[in-house]
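Each chain, written out:
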Amino acid sequence: AQSVTQLGSHVSVSEGALVLLRCNYSSSVPPYLFWYVQYPNQGLQLLLKYTTGATLVKGINGFEAEFKKSETSFHLTKPSAHMSDAAEYFCAVSPYSGGSNYKLTFGKGTLLTVNP
Amino acid sequence: EAGVAQSPRYKIIEKRQSVAFWCNPISGHATLYWYQQILGQGPKLLIQFQNNGVVDDSQLPKDRFSAERLKGVDSTLKIQPAKLEDSAVYLCASSYIRGNYGYTFGSGTRLTVV
């Protein structure tokens, strides 16, 4: 069984400040981890993913995340926030099953607002 | 490549009416998913198809929801009869059959049941 906890349903930062969105997961098998972004009235867009290998993953729009197995965390960061980053962010986990069932389990999301 | 297409974008119906949503996945993606996203929550998987077979429908309310994927391509999700609590965004996604590279999501259908 898998689950995802996103700490903080709403994060507010100033433009140019560090963005840190927290995600902790629970998984009985080695996980694949994802961050998605959702802009208003749109579907989810993949920001980045961790599968295997390097634990620091770089994604689109300057975002990156680090997989820390000992802490069961996959926090999302960006050094300098931009107004266009305002959106809802979802962390998700799926099993590294090696088969074909890659069901994604999502967290409840974190709404990021960026203040000028 | 073209994205995942969904229609309609918005739908308003009265409770106890029926409604259907359509999804066309990315060409070559054998796996198709329907997710339900209630306001303020993360998406929840309703059903997963691999080609035209069902892989996982454990969270599909089968007394009122049904889904099919004809010929392993397009898919429709139906609700009959709708309840107020079905108000949500219904997201379709597709992926390759092998390897988890993340899904591609459509823009969703926003359903309001009044």
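These remarks concern the structure in this document. What you are looking at is a predicted structure, and each value in this text was computed from that prediction instead of being measured.

**A word on the overall build of chain B**
Helix and strand counts for chain B come out as zero helices and eleven strands. Scaling as 2.2 N^0.38, a compact globule of 114 residues should have a C-alpha radius of gyration of about 13 Å, and chain B matches this with 13 Å. The principal-axis extent of the C-alpha atoms belonging to chain B is close to 40 × 25 × 25 Å. In chain B, which comprises 114 residues, the proportion classed as buried is 46%. A fraction of 53% describes how many contacts in chain B between residues 6 or more apart in sequence connect residues 24 or more apart. For chain B, the exposed surface amounts to about 5,500 Å²; the carbon and sulfur share of it is 50%.

**Here's the deal with the interface of chain A and chain B**
Chain A puts 22 residues into the contact, and the matching count from chain B is 27 residues. Across the chain A to chain B interface the summed buried area is about 1,900 Å²; carbon plus sulfur atoms make up 48%. Element by element, the count of residues in the side of chain A that touches chain B is highest for strand 4 (residues 31-38) of chain A, at four residues. For the side of chain A that touches chain B, the class distribution of residues is nine nonpolar, ten polar and three charged.

**A word on the environment of Lys15 of chain B**
Residues and elements named next belong to chain B. Tracing the sequence through the fold places Lys15 in the loop between strand 2 (10-13) and strand 3 (19-24). Overall, the relative accessible area of 40% leaves Lys15 in the partly exposed class. Between the C-alpha atoms of Lys15 and Lys62, which are 47 residues apart in sequence, the distance is 17 Å. Those residues in contact with Lys15 that sit more than four places away from it in its chain are Ala82, Leu84, Val113 and Val114.

**Structural notes on the nonpolar core**
In terms of nonpolar packing, the biggest core is built from 26 residues, with Trp35, Leu47, Leu48, Phe74, Leu76 and Tyr89 of chain A touching the most fellow members. Of all the secondary structure elements, the ones that give two or more residues to this core are strand 2 (10-14), strand 3 (19-27), strand 4, strand 5 (44-50), strand 7 (64-68), strand 8 (73-78), strand 9 (87-95) and strand 11 (110-115) of chain A. Setting aside residues no more than four positions away along its own chain, Leu48 of chain A makes contact with Leu33, Phe34, Trp35, Val57, Lys58, Gly59, Phe63, Glu64, Ala65, Phe74 and Leu76 of chain A. Core analysis: the next-biggest nonpolar cluster, separate from the first, contains 21 residues, Val19, Ile26, Leu32 and Ile47 of chain B among them.

**Comments concerning the environment of Phe49 of chain B**
Residue and element names in this part refer to chain B. By the secondary structure assignment, Phe49 is in strand 5 (residues 44-50). Sequence separation between Phe49 and Ala30 is 19 residues, and the spatial gap between their C-alpha atoms is 8.0 Å. Those residues in contact with Phe49 that lie beyond four places of it in its chain are Ala30, Thr31, Leu32, Trp34, Val54, Val55, Ala67, Glu68, Arg69 and Ser75.

**Considering the sheet that holds strand 6 (residues 56-58) of chain A**
All names here are of chain A. Spatially, 1-3-8-7-6 is the arrangement adopted by the five strands of the open sheet, whose pairing is antiparallel. Here the strands that pair on one side only, and so sit at the sheet edges, are strand 1 (2-7) and strand 6. For this sheet, the mean angle separating the axes of adjacent strands, direction not counted, is 20 degrees. As paired elements, strand 3 and strand 8 share four bridges and run antiparallel to each other. Bridged to Asn24 within strand 8 is Ser73.

**Things to note about the state of the cysteines**
The full count for this structure, using the stated rule, is two disulfides over all chains. A sulfur-sulfur distance of 2.0 Å marks the disulfide that ties Cys23 of chain A to Cys91 of chain A. Looking along the S-S bond of the Cys23 of chain A-Cys91 of chain A disulfide, the torsion reads about -65 degrees, which is the left-handed sense. Of this pair, Cys23 of chain A sits in strand 3 while Cys91 of chain A is found in strand 9, placing the two residues 68 residues apart along the sequence. Covalently, Cys23 of chain B is tied to Cys92 of chain B through a disulfide, its sulfur atoms 1.9 Å apart. Where Cys23 of chain B bonds to Cys92 of chain B through sulfur, the torsion about that S-S bond is close to -70 degrees, and the disulfide is left-handed. Of the two residues, Cys23 of chain B sits in strand 3 while Cys92 of chain B sits in strand 9 (residues 88-95), which places them 69 residues apart along the sequence.

The rules behind these values
- Residues numbered from 1 in each chain as written.
- Chains lettered and ligands numbered in written order.
- Predicted model: local features only at pLDDT ≥ 70, side-chain atom pairs only at ≥ 80, totals over all residues.
- Heavy atoms only, no water.
- Helix = DSSP H or I, 4+ residues; strand = E, 2+ residues; numbered from the N terminus.
- Rg over C-alpha atoms; globule rule 2.2 N^0.38 Å.
- Buried < 20%, exposed > 50% of the residue type's maximum accessible area, 1.4 Å probe, protein only.
- Contact = heavy atoms within 4.5 Å.
- Areas by Shrake-Rupley, 256 points an atom, 1.4 Å probe, with all protein chains shown as cover.
- Buried area = accessible area lost by both parts, 1.4 Å probe.
- Nonpolar A, V, L, I, M, F, W, Y, C, P; charged D, E, K, R; others polar.
- Core = buried A, V, L, I, M, F, W, Y, C linked by side-chain atoms within 4.5 Å.
- Pairing = 2+ DSSP bridges.
- Axes fitted to C-alpha atoms, helices over the stretch in contact; angles between N-to-C directions.
- Disulfide = S-S within 2.5 Å.

All we've got here are geometric facts, nothing functional implied.
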